[in-house]
Amino acid sequence: MTGQPAGANLLSYHRQKAPRPNPQRHDPMANTHPLRIEIAAPSRSYPVLVAAGMIQDLESALKEAGVGASCFVVSSPTVWGFWGEAFHGALPEAAPIVVPDGERHKTPAVASRIYDGLLKGGADRSSTLITFGGGVIGDMGGFAAATYMRGIGLAHVPTTLLAQVDAAIGGKVGINLPGGKNLVGAFYQPSIVVIDPGVLATLPRREFRAGLYEVLKYGVACDRDLFDEVCAGMGPLTRRDPAALTPVITACCRVKGAIVAADERETGARRVLNFGHTVGHALEAATRYRRLLHGEAVAYGMLAACAIAVARGALAAADRNTIAGAIAQLGPLPPVNDLSAAAQLEFMQHDKKVHEGRLHFVLPAGIGNSEIVTDVSEVELLRALRELGLGE
Ligand SMILES: NC(=O)c1ccc[n+]([C@@H]2O[C@H](COP(=O)([O-])OP(=O)(O)OC[C@H]3O[C@@H](n4cnc5c(N)ncnc54)[C@H](O)[C@@H]3O)[C@@H](O)[C@H]2O)c1
Ligand SMILES: [Zn+2]
């Protein structure tokens, strides 16, 4: 399942222009010139708009993307509590459907509550669902939009750093099953993504940091300039200065957009974005998704991939130290030294990155440059995991 139904949404999307600033508003946060990135996915092309204060301008942005009068917003009690009033003020016609977020609520039961909200509100195939929350709300709301009446309009307004740089771009939507993460889903591109770095002000510090590890992932895997920019701007970034965040978020969206344009359904190039995720997913599963935030697990995964690459002679030790230094600068990671290295291998065998019995592994070949290999041995993996402090 890809794309959205042709019709009013799609047609008016092609006529859209960049949103105009509203001179009537005097919000000091409002940036009147959103940065714009076009995501040219094969199934649909759409804009990502990035500017502090953008949620004040939601109406003009969404209208110009073809979002019509019938629209719904899916959010969580936390996000709606902080930002619901601002959202409602900017887009009063969007009927709110508030459901719990957090990984354990990314379930068929909660998705079903979204369907109920749509049904009760009289949503039909001309309606648009706007997701307003982190990656869980984006993935689950996106999945509901992809499947309700075989697909309605979708727009993302992501509110965590992770969702702004990653989850909201590229069209992967889905929910978890008891048997594993994201086991049910679709590729379903939105018609627009609106990113306001200002909403990150209320994000818990640990969640914000977890997003920054994913930003480093883009830098190490495919963009040296981005990596350098993040390292040089660590102070203002961690203070969440929108002026520092805006270009970094935009750069991440650009990298992800280029990769999605080349490989929408992750059969090749898109796999490079799994840098740090093979070991990361194993650590998340081994700690039952309770100890490590996703970004923190990815940070460990990047360190493991660096250790393997250095041992193979594919990455200079100095580069590894620079990467490890950047990760360390963001603060301490939760400990993993009570975990067994051998047990992680078991978890990796169940990962979706195993294709025809071979584990796909992204190894850095420098900062900003990486390669996908399929020949990482158990011995190499165990050695790398022990370097991270894991036990036998
Ligand atoms: N679709 C994709 O391509 C893709 C990519 C990466 C991750 N994901 C998915 O994203 C999910 C993780 O997303 P996440 O890290 O955003 O987690 P999340 O959605 O659970 O949000 C984390 C926490 O932050 C809170 N929150 C969100 N925005 C806030 C704000 N502005 N202020 C205060 N609190 C706020 C939420 O209530 C929640 O408690 C995972 O399910 C993962 O599978 C999807
Ligand atoms: Zn990730």
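This write-up is about the structure you can find in this document. Every chain is numbered on its own, with residues counted from 1 as its sequence reads. To read the labels, note that chains go from A and ligands from 1, taken in the order they are written. Side-chain atom pairs in this predicted model are given and counted only at pLDDT of 80 or more, local residue features only at pLDDT of at least 70, and totals for whole chains, interfaces and linings cover all residues. Remark: hydrogens and water are excluded; side-chain values derive from all non-hydrogen atoms of the structure.

1. Some points on the coordination of the zinc ion (ligand 2)
- Summarising the metal site, the zinc ion (ligand 2) is bound by the protein donors Glu214 (OE), His277 (NE2) and His294 (NE2), whose distances to it range over 2.0 to 2.1 Å.
- For Na, K and Ca the donor cut-off is 3.2 Å, while for other metals it is 2.8 Å, and in both cases only N, O and S atoms qualify; water is not among them, so sites may look incomplete. Sequence positions of the residues that donate to the zinc ion (ligand 2) give the spacing E-x62-H-x16-H. With His277 in helix H11 (residues 277-286) and His294 in helix H12 (residues 294-312), this residue pair connects regions lying 17 residues apart in the sequence. This pair shows no difference in class: His277 is buried, exactly as His294 is. Only DSSP runs of H or I covering at least 4 residues are called helices, and only runs of E covering at least 2 are called strands; the numbering of each starts at the N terminus. The buried label applies to any residue whose accessible area, calculated with a 1.4 Å probe on protein chains only, is under 20% of its type's maximum; exposed applies above 50%, and partly exposed to all values in between.

2. Section: the sheet that holds strand S6 (residues 153-158)
- Strands pair, by our definition, only if DSSP identifies at least two bridges between them. Taken in spatial order, the seven strands of this open sheet run S1-S2-S9-S6-S5-S3-S4, and their pairing is mixed. Either end of the sheet is taken by a strand with one partner, and the two such strands are strand S1 (35-41) and strand S4 (95-98). Sheet twist, expressed as the mean angle between neighbouring strand axes with direction ignored, is 20 degrees.
- Direction of pairing for strand S2 (residues 44-50) relative to strand S9 (residues 192-195): parallel, over a ladder of three bridges. Residue Val48 lies in a different strand from S9, and its bridge partner there is Val193.
- Most of the contacts of helix H3 (residues 77-90) go to strand S5 (residues 128-133), to which it runs at about 115 degrees, and overall it touches strand S3 (71-75), S4, S5 and S6.
- Contacts are assigned to residue pairs that have any heavy atoms within 4.5 Å of one another. Helix axes use the C-alpha atoms of the stretch in contact, all axes being lines fitted to C-alpha atoms, and the angles between their N-to-C directions lie in the range 0 to 180 degrees. Here helix H5 (residues 135-147) sits on the sheet in contact with S3, S5 and S6, set at roughly 165 degrees to S5.

3. Considerations on the packing of aromatic side chains
- Side-chain rings of Phe, Tyr and Trp (the six-membered ring for Trp) are treated as a pair once their centres are within 6.5 Å; stacked means planes under 30 degrees apart, edge-to-face means over 60, and tilted covers the remaining angles. Inspection of every chain in the model, using the stated rule, returns three aromatic pairs.
- Relative to Phe87, the ring of Trp80 has its centre 5.6 Å away and its plane inclined at 55 degrees; by these criteria the two rings are tilted.
- Considering the side-chain rings of Phe87 and Phe132, the 4.6 Å spacing of their centres and the 45 degrees angle between planes classify their relative orientation as tilted. Linking Phe87 in helix H3 with Phe132 in strand S5, this pair joins segments that are 45 residues apart in sequence.
- Sitting over the ring of Tyr218, Lys217 keeps its end group 4.7 Å from the ring centre. Two thresholds decide whether a charge sits over a ring: the Lys NZ or Arg CZ must be within 6 Å of the ring centre and within 35 degrees of the ring normal.

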